[in-house]
Amino acid sequence: MGILDGKNILVTGVTMNTSIAYKVAEIAQAEGATVIVSNFGRAMSLTRRVVQKLDPVPPVLELNVTDADQLAGLAGVLGEHVDRIDGIVHAIAYANPQTALGGGFMTTEWDDVATALHTSSYSLVSLVRACKPLITGPASVVGLTFDGSVAWPTYDWMGVAKAALEAASRYMARYVGADGIRTNMVSAGPIDTLAKKAIPGGNEFNDVWADRAPLGWDPTDATATAKAVVALLSDWFPMTTGEVIHVDGGLHATGA
């Protein structure tokens, strides 16, 4: 018997088998969940290919969280596969690596900032709102962040977007708690995902973690992060909401 037995979980942002979302889907299935995954655009072909490694192979939905029409139809599309949603994993983020990342913070124009905030932050709220018709409660929403409490080198407007994501999770916890919905964030250390490779200088984070994480850190293994997500999706955190759980080898607790 797994800790997600009988639960239906939507996992967004599944791309490569190195992605945190993929590892979440894999562990969630092992813990008894029925999993549905999503992605959009050119990444859909990668998603459809990689989920063939999962057993059973989950349905793959096309979902652009900045597309109002797709969001409006999401509950209906999900309803073709499950009768309710018990958990949502928000693993969606984007900022233009040429203009919004890599040290050009002070010169980034609003259009690129707006894209980063819409895709990476506001989408948490719009995704939950779109799924609400299928959420009967209790349910759990878990998002992925990278410590938005400090300013990281090169992370720039994605760092701002992650700070907004964490704040949105706290505010949403206030508004959806009465519906039996918990909403939490998992703040992971650096994982060598496709998204991380798009960050100019992103590999420098590996050196920081190698030097400072009290428990050590393996940037090639998303298992610890995914396990935390799955635990929060389960019934084992029934009174935890609006929280940011750090899974970073303890680096967040260390000084310079």
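Before reading further, recall that the structure is shown in the block above.
This text gives an overview of the structure that appears in the document. Small disclaimer: the values here were computed from a predicted structure and weren't measured. Along each chain, numbering runs from 1 in the same order as the chain's sequence is written. Local features are withheld for residues below a pLDDT of 70 in this predicted model, meaning they are given only at 70 or higher, and side-chain atom pairs are given and counted only at 80 or more; totals for whole chains, interfaces and linings count all residues. Excluded from the side-chain calculation are hydrogens and water; included are all heavy atoms of the structure.

Only DSSP runs of H or I reaching four residues or more are called helices, and only runs of E reaching two or more are called strands; each is numbered from the N terminus. Scanning the protein chain from N- to C-terminus turns up nine helices and seven strands. What the globule rule says is 2.2 Å times the number of residues to the power 0.38, and the radius of gyration is computed from C-alpha atoms. Taken over the C-alpha trace, the protein chain has a radius of gyration of 17 Å; the compact-globule value for 256 residues is 18 Å, and the two agree within 12%. In terms of overall dimensions, the protein chain has C-alpha extents of about 45 × 40 × 40 Å along its principal axes. Considering only residue pairs separated by 6 or more positions, the protein chain has 77% of its internal contacts joining residues 24 or more positions apart. For the purpose of counting charges, residues Lys and Arg are taken to be positive, whereas Asp and Glu are taken to be negative. His and the chain ends are not included. Every charge is mapped onto a representative atom, which is NZ of Lys, CZ of Arg, CG of Asp or CD of Glu. Averaging the locations of the 17 positively and 26 negatively charged side chains of the protein chain gives two centres separated by 3 Å. In what follows, a contact means two residues having at least one pair of non-hydrogen atoms within 4.5 Å.

Time to look at the packing of helix α5 (residues 110-131) against helix α6 (residues 156-176). Packed helix pairs are specified by the crossing angle of their axes together with the interaxial distance, meaning the distance between the axes. Axis definition: a line fitted to C-alpha atoms, over the contacting stretch in the case of helices. Angles run 0 to 180 degrees between N-to-C directions. Put simply, α5 and α6 touch, their axes get as near as 9 Å, and they point 20 degrees apart. Between α5 and α6, the interaxial angle falls into the category roughly parallel. Where α5 crosses over α6, the two elements pack in a sense that is right-handed. Facing α5, whose interface residues are Val113, Ala116, Leu117, Ser120, Ser121, Leu124, Val125 and Val128, α6 presents Trp157, Met158, Val160, Ala161, Ala164, Leu165, Ala168, Ser169 and Met172. Nonpolar residues are Ala, Val, Leu, Ile, Met, Phe, Trp, Tyr, Cys and Pro. Charged residues are Asp, Glu, Lys and Arg, and all others, Gly as well, are polar. Of the residues that constitute the contact of α5 with α6, the class distribution is 14 nonpolar, three polar and no charged. Roughly parallel here means an angle under 35 degrees, roughly antiparallel means over 145, roughly perpendicular means 65 to 115, and every remaining angle is called oblique. Note on convention: the crossing is left-handed when the near helix lies turned anticlockwise from the far helix by less than a right angle, right-handed when the turn is clockwise.

For the rest of this paragraph, the subject is helix α1 (residues 20-30). Exposure categories follow from relative accessible area, calculated using a 1.4 Å probe and restricted to protein chains: below 20% of the type maximum is buried, above 50% is exposed, and the middle band is partly exposed. Here α1 lies mainly inside the structure; nine of its 11 residues are buried. Every buried residue of α1 is listed here: Ile20, Ala21, Tyr22, Lys23, Val24, Ala25, Ile27, Ala28 and Gln29. Just downstream of α1 lies Gly32, where phi reads positive at about 100 degrees.

How two aromatic rings sit relative to each other is given by the distance of their centres and the angle of their planes. Any Phe, Tyr or Trp ring, taking Trp's six-membered ring, that has another such ring centre within 6.5 Å forms a pair; planes under 30 degrees apart are called stacked, those over 60 apart edge-to-face, and the others tilted. As enumerated under the stated definition, the model contains eight aromatic pairs in all. Seen in terms of ring centroids, Phe105 and Trp157 are 4.4 Å apart; in terms of plane orientation they differ by 10 degrees. Their pairing is stacked. Here Trp157 lies in helix α6 and Phe105 lies in the loop between β4 (87-90) and α5, a separation of 52 residues in the sequence. Given the relative accessible area of 29%, Phe105 is considered partly exposed. The exposure class assigned to Trp157 is buried, which follows from its relative accessible area of 17%. On the basis of an interplanar angle of 65 degrees and a centroid distance of 5.3 Å, the ring pair of Phe146 and Phe205 is categorised as edge-to-face. Of this pair, Phe146 sits in the loop between β5 (139-145) and α6 while Phe205 sits in helix α8 (residues 204-212), and the two are 59 residues apart along the sequence. Both residues of the pair, Phe146 and Phe205, belong to the buried class. An aromatic cluster is defined as three or more aromatic residues linked by ring pairs; in this entry it consists of Phe146, Trp152, Tyr155, Phe205 and Trp209.

This part covers the side chain of Asn64. With respect to the helices and strands, Asn64 occurs in the loop between β3 (60-62) and α3 (68-72). Reaching out from Asn64, the side chain makes a polar contact with the side chain of Thr66 at a distance of 2.8 Å. Not counting residues up to four positions away in its chain, the partners in contact with Asn64 are Phe40 and Gln70. The definition of a polar contact used here is a pair of N or O atoms within 3.5 Å, where within protein one atom must be able to donate a hydrogen and the other to accept one, and adjacent residues in sequence count solely through side-chain atom pairs.

To continue, consider the nonpolar core. Counting residues in hydrophobic clusters, the biggest one holds 49 residues, and the most contacted among them are Val11, Val14, Val24, Val186, Trp209 and Val229. At seven residues, the largest contribution of residues to this core is made by α1. Not counting chain neighbours up to four residues away, the residues in contact with Val14 comprise Ser19, Ala21, Tyr22, Val37, Ser38, Asn39, Thr47, Val50 and Val51. Within this scheme, the nonpolar core is defined by two criteria: the residues are buried Ala, Val, Leu, Ile, Met, Phe, Trp, Tyr or Cys, and they are joined through side-chain atoms within 4.5 Å. Of all hydrophobic cores here, the second largest spans 29 residues; its members include Leu10, Ile92, Ala139 and Ile181.

Let's shift gears to unusual backbone geometry. Going from Asp55 to Pro56, the amide bond is cis rather than trans, its omega being 0 degrees. Within the element layout of this structure, Pro56 appears in the loop between α2 (43-50) and β3. Pro138 follows Gly137 through a cis peptide bond whose omega is -5 degrees. By secondary structure assignment, the location of Pro138 is in the loop between α5 and β5. Notably, Thr154 is not glycine yet its phi reads approximately 70 degrees, a positive angle. You can see Thr154 is positioned in the loop between β5 and α6. We classify Thr154 as buried; its relative accessible area is 17%. In this model, Asp156 sits at a positive phi of 45 degrees, which is unusual for a non-glycine residue. As for its position among the elements, Asp156 is in helix α6. On the basis of relative accessibility, which here comes to 13%, the residue Asp156 falls in the buried class.

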